[in-house]
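# Remarks on the overall topology
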Amino acid sequence: FPRRAYDVLNNAMDASAFGFSAAARTQARERLGLSPEETVFLHVGAFNEQKNQAFLLEAFSRYLERNADARLLLVGDGERRKSCESRAEALGIYKRVSFLGQRDDIPALLSAADAFLLPSLHEGLPLTLIEAQCAGLPCLSSDRVTPESALTGLVKFSPIEQAEAFALAMGSLTFVDRAAASGAAVKRVAEAGYDVSENADTLMRLYESLTERSE
């Protein structure tokens, strides 16, 4: 068969909607009872084997041994939520972990957080990691996540064989000027073809080109 030219449109999102907001950060942290001094880690994902929240709890427990003033926000629901809640109790860290369930205020939670964690056993190209970058968040991801998801320098990758190693990687994250990092990330995400408005323009141009050819 003859080769046919084709165009690829990425699975896109509204990059600017996930940009950092200082006002949203203040409001969300107040609603969640988070003090300004607390370092807040955020994870978003269904509670299942793939997302690996049980491992994340182990790593966070190790992190707390050296950095007691920290919180972990877990967003999502699923079959393993109850077992993870029990594991947090057993580790003695339940008061430092917030199980937030399904939420419709992800952009505000991204602004409220100080870092994003994704310890997945496997992933394709997770939009949650791209959204976190748009918010200017330092991100720590499992090294089993595709490296193409690191559209900016905000993402670090860590092995997930040992909780202690992941905890040390959490401690090595560099906190940045969120507003500046977010602005640069939103621009980079659009350039990489993951912004829905850019994709809509591209799709429109393709339709127009096809229409012209058919005339």
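Residues numbered from 1 in each chain as written. Predicted model: local features only at pLDDT ≥ 70, side-chain atom pairs only at ≥ 80, totals over all residues. Heavy atoms only, no water.

## What to know about the nonpolar core
For clarity, the cut-off: Only buried residues count toward a nonpolar core. Its members are Ala, Val, Leu, Ile, Met, Phe, Trp, Tyr and Cys residues joined through side-chain atoms within 4.5 Å. Exposure classes here rest on a 1.4 Å probe applied to the protein chains alone. A residue is buried below 20% of its type maximum, exposed above 50%, and partly exposed in between. Helix numbers and strand numbers start at the N terminus; a helix is a DSSP run of H or I with at least 4 residues, a strand a run of E with at least 2.
The biggest cluster of nonpolar side chains holds 29 residues, and the ones touching the most others in it are Leu42, Leu110, Phe116, Leu137 and Val189. Every element with two or more residues in this core is listed here: strand E1 (39–44), strand E2 (70–75), helix H4 (106–112), strand E4 (115–118) and helix H5 (127–134). For this core, the element with the most residues is H5, which contributes 4 residues.

## Description of helix H7 (residues 178–191)
Put simply, the rule reads: Here the expected length of a helix is defined as 1.5 Å per residue gap, with one fewer gap than residues. By construction, the arc corresponds to the directions joining the helix axis to the C-beta atoms. Polar contact criterion, stated in full: a pair of N or O atoms within 3.5 Å, where within protein one must be able to donate a hydrogen and the other to accept it, and residues adjacent in sequence count only if both atoms are side-chain atoms.
Taking 1.5 Å per residue as the helical rise, H7 with its 14 residues ought to reach 20 Å, and the 20 Å between its terminal C-alpha atoms agrees with that figure. Residues of H7 that are buried: Arg178, Ala181, Ser182, Ala185, Val189 and Ala190. The buried residues of H7 all sit within an arc of 160° when viewed along its axis, so they share a single face. Those residues of H7 that are exposed and angled more than 90 degrees off the buried face are Lys187 and Glu191. Backbone nitrogen of Ala179 and a side-chain oxygen of the N-cap are separated by 3.2 Å at the start of H7; the cap is Asp177. Once H7 finishes, Gly193 follows within two positions and takes phi at roughly 90°, a positive value.

## Things to note about unusual backbone geometry
Although it is not a glycine, Asn52 adopts a positive phi angle of roughly 65°. Relative to the helices and strands, Asn52 resides in the loop between E1 and helix H2 (53–66).

## Some thoughts on the pairing of E2
Threshold: The rule for pairing is simple: two strands pair if DSSP sees at least two bridges between them. Seen with its strands pointing away from the viewer, a crossover is right-handed if its path from the first strand over the helix to the second goes clockwise.
Of all 6 residues making up E2, 6 are buried, and the element is well covered by its neighbours. Burial along E2 is two-sided: the residues Ala70, Leu72 and Leu74 and Arg71, Leu73 and Val75 are all buried. Where E1 meets E2, 6 bridges bridge the pair, whose relative direction is parallel. Of the residues in E2, the one forming a bridge with His43 is Leu74. Handedness of the β-α-β unit built from E1, H2 and E2 comes out right-handed. The sheet contact formed by E2 and strand E3 (residues 97–101) spans 4 bridges and is parallel. Each bridged residue has a counterpart across the sheet, and for Leu74 the counterpart in E3 is Phe99. In the classification by handedness, the crossover that spans E2, the intervening helix H3 (residues 81–91) and the parallel E3 is right-handed.

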